[in-house]
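Observations on chain architecture
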Amino acid sequence: MGFIEKFGLWTEEQQEAARAVLARVGSEGLRTIRVSFVDQHGILHGKTIPASGLAAAFRSGLSCVSTLLSKDTSGTTVFSAFNADGGLGVAEMAGAADVVMVPDPTTFHLVPWAEDTARILCDLRFQNGEQVPFCSRGVFRTALERASVAGFTYVTGLEIEFHLYRRASHFPNDDGIGRCTTPTPVEPINQGNQLLSENLGDEVEPATRRIREVLERMGIELRSIEVELGANQLEVTLDPAAGLASADAMVLLRSTVKQVARRNGYHATFMCRPQIAESKSSGWHLHQSLVSPDGGRNAFVPADGEGAISLVGKQFIAGQLEHASAACVFANPTVNGYKRFQPYSMAPDRIAWARDNRGAMIRLVGSAEDGSTHIENRVGESAANPYLYMASQLHSGLNGVETSLSLPPSADDPYTTDAGRLPANLAAAVDALEADAGLRRVMGEQFVSYYAAIKRAEVARFERTVTDWEHREYFDLY
């Protein structure tokens, strides 16, 4: 009996999908499988196996070192991994022990830019079969289960901005193997503000066509791809999807865009605001609604006399406003992301909602007539871990529903309204998370302590670093 069967880790749907995947691998002549999990930063890690080894992986999973969960964005291990509790109070992680990557056969898809290759996403389990509490996908699944118990399915639509450049002909870090201190050198594709310019869109069409075609072969069909406001900035949108599917799609989209761009002489970055002339901040607008489990009624559609959104929808918005400061660290997990919160920038700078106003943190959109009433939370940056971003948003909204929170008045001028400000930096966002007992409880006290420690380690490294601004400001003055 294999690990997966022993601990009953697959649903009937996954068991059926596994049989279909093995048949497909044989019939399509696939030779290589990338088996990956998503780390705390929303980055894929994993192993590449021959297709002949997939059946064994479907029985017993694949092991990987648990210290991958202990690292900040630089790859520096934050916790004392060789302690008896792995530095995290978890005996199963003692001495940098292995955890098990358990494939989810329902996520199987081709990797069209690599020959005869496919990929599958995994959940993380300890060797005793228990869920690893720091597995991002598991954290989101817990939030989805909470919504299901309350009688709802969580549906999200993605609207993501990123920058695309040509890779320069020279290479960084050529002063020594093992050193990586210089960002990838790039050259602009276009200059100046370019919002929805067809002419400038044609400049990047060779790259965007290739990205779109590859995503379609993977089963991710873009709703749109367009040039955004800033130089070299693009935006893609995806149709709404329920549950894990939307977060999985975001991870795969981001990884695919970066890999396809690199193989075709470009560099794509989902960093919020690159230090490149004429750059604008990249955001991730998260469209959200709750529907009945059978995919039927949209719970945000108002009944007669309820106004623009139902009572459940109002409470859901109120919950997201109530926990906005604490959830911000999941929506904006990088030091750089907080450069985006500027007034009159089509990004929010305070905690407010409004009807169809792009300056508000939460924008109420859609129509009751066609059943499309939903909210668009504009707080996130494109580098966010989708599972944690969505989990924090869902938990926040459900808190509002369960406690019948009242919705404050809409902000007709969101940049001058008397409302609380979003955290000014990553350190303030971590403080807000640790101060919010309600969000800590539903996200998991153990997980919150773990995540806060990683983010504080990143902040500490940043604060020890002498920036370009400091050098310019003080080097000659003093």
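Summary of the structure given here. (Residues numbered from 1 in each chain as written. Predicted model: local features only at pLDDT ≥ 70, side-chain atom pairs only at ≥ 80, totals over all residues. Heavy atoms only, no water.)

Observations regarding the overall build of the protein chain
As a reminder of what qualifies: The helix and strand labels rest on DSSP assignments: H or I over at least four residues marks a helix, E over at least two residues marks a strand, and numbering proceeds from the N terminus. Our radius of gyration looks at C-alpha atoms and nothing else; its globule reference is 2.2 Å times the residue count to the power 0.38. We call a residue buried when its accessible area falls under 20% of the maximum for its residue type, exposed when it is over 50%, and partly exposed in between, using a 1.4 Å probe and counting protein chains only. Residue contacts follow a heavy-atom distance rule, with two residues in contact if any of their heavy atoms lie within 4.5 Å. Only the protein chains shown count as covering a residue, and every accessible area follows the Shrake-Rupley method with a 1.4 Å probe. Note that His is not counted, nor are the chain ends; the positive residues are Lys and Arg, and the negative ones are Asp and Glu. Charge positions come from single atoms, namely NZ of Lys, CZ of Arg, CG of Asp or CD of Glu.
On a plain count of helices and strands, the protein chain comes out with 14 helices and 15 strands. In terms of overall dimensions, the protein chain is globule-like: its C-alpha atoms have a radius of gyration of 22 Å, near the 23 Å expected for 478 residues. Overall size of the protein chain, expressed as C-alpha extent along the three principal axes, is 60 × 60 × 50 Å. A total of 478 residues make up the protein chain; the buried ones form 53% of that total. Taking the contacts inside the protein chain whose residues are at least 6 apart along the sequence as the reference set, 71% of them involve residues at least 24 apart. As displayed, the protein chain has an accessible area near 21,100 Å², and 50% of this comes from carbon and sulfur atoms. For the protein chain, the distance from the average site of its 44 positive side-chain charges to the average site of its 58 negative ones is 4 Å.

Points about helix α13 (residues 445-464)
Stated formally: Given the number of residues in a helix, its expected span is that number minus one, multiplied by 1.5 Å.
Here α13 is 20 residues long and its end C-alpha atoms lie 29 Å apart, about the 28 Å a rise of 1.5 Å per residue gives. Regarding α13, the residues found buried are F447, V448, Y450, Y451, A452, I454, K455, A457, E458 and V459. Contact partners of the buried residues in α13: α4 (136-149), α9 (324-331), α10 (386-402), α11 (426-435) and α12 (437-443).

Some words on the side chain of R378
For clarity, the threshold we go by: Distance and chemistry together define a polar contact, namely a pair of N or O atoms within 3.5 Å, with one atom able to donate a hydrogen and the other to accept it when in protein, and with adjacent residues in sequence counting only for side-chain atoms on both sides.
When you line up the elements, R378 lands in strand β15 (residues 374-381). For R378, a relative accessible area of 2% translates into the label buried. Within polar-contact distance, the side chain of R378 engages the backbone oxygen of M346 at 2.9 Å. The residues contacting R378, other than those within four sequence positions of it, are H285, R340, M346, P348, R358, A360, M361 and R363.

Observations concerning the pattern of salt bridges
Basically, it comes down to this: Salt bridges, as used here, are contacts in which a Lys or Arg side-chain nitrogen is within 4 Å of a carboxyl oxygen on Asp or Glu.
One pass over the full model with this rule turns up 18 salt bridges. D248 is paired through a salt bridge with R137; the nearest N and O atoms lie 2.8 Å apart. Placement of D248 in helix α7 (residues 244-263) and of R137 in helix α4 is noted, with a sequence separation of 111 residues between them. A salt bridge links R209 to E205; the shortest N-O distance between them is 2.7 Å.

Details of the pairing of strand β2 (residues 44-50)
Stated precisely, the cut-off is as follows: At least two DSSP bridges between two strands are required for those strands to pair.
Bridge count for strand β1 (residues 32-38) against β2 is 7 bridges, and the pairing is antiparallel. The residue of β2 that forms the bridge with T32 is P50.

Here we look at the packing of helix α6 (residues 205-217) against α7
So the rule is basically this: An axis is simply a line fitted to the C-alpha atoms; with a helix, the fit covers only the stretch in contact. Between two such axes, the angle follows the N-to-C directions and lies from 0 to 180 degrees. Here roughly perpendicular refers to angles of 65 to 115 degrees, roughly parallel to angles under 35, roughly antiparallel to angles over 145, and oblique to all remaining angles. Here a crossing is called left-handed whenever its near helix is offset anticlockwise from the far helix by less than a right angle, and right-handed whenever the offset is clockwise. Under the grouping applied here, Gly and all other residues not named as nonpolar or charged are polar, the nonpolar ones being Ala, Val, Leu, Ile, Met, Phe, Trp, Tyr, Cys and Pro and the charged ones Asp, Glu, Lys and Arg.
Packing of α6 against α7 leaves a shortest axis separation of 10 Å and a crossing angle of 135°. Overall, the two elements α6 and α7 adopt an arrangement that is oblique. Pair α6 / α7 crosses with right-handed handedness. Counting all contacts with α6, which are made through R210, I211, V214 and L215, the residues of α7 involved are L253, T256, V257 and V260. Its residues assigned to classes, the contact of α6 with α7 shows 6 nonpolar, 1 polar and 1 charged.

Points about the packing of aromatic side chains
The cut-off we apply is this: Stacked, edge-to-face and tilted are the three classes for Phe, Tyr and Trp ring pairs, Trp counted by its six-membered ring, which pair at centre distances within 6.5 Å; planes under 30 degrees apart are stacked, over 60 edge-to-face, the rest tilted.
In this structure the tally under the stated criterion is 17 aromatic pairs. Aromatic side chains F300 and F316 sit 5.4 Å apart centroid to centroid with 55° between the ring planes, which places their arrangement in the tilted category. Taken as a pair, F300 in the loop between β12 (283-291) and α8 (311-322) and F316 in helix α8 lie far apart in primary sequence, 16 residues in all. The exposure classification of F300 matches that of F316, with both residues buried. With 5.7 Å between their ring centres and 85° between their planes, W469 and Y474 make a pair best called edge-to-face. Its relative accessible area of 47% is what places W469 among the partly exposed residues. Three or more aromatic residues joined by ring pairs make a cluster, and in this case those are F79, F134, F330, F447, Y450 and Y451.

Some words on the state of the cysteines
Let me state the cut-off plainly: For this text, the term disulfide refers to a pair of cysteine sulfurs within 2.5 Å.
Summed over all chains, the structure comprises 0 disulfides. Among the cysteines around C64, which has no disulfide bond, C122 carries the closest sulfur, lying 8.5 Å off. The structure places no disulfide on C328, whose sulfur is separated from the nearest cysteine sulfur, that of C272, by 11 Å.

All quantities given are derived from atomic positions and should not be read as evidence of function.
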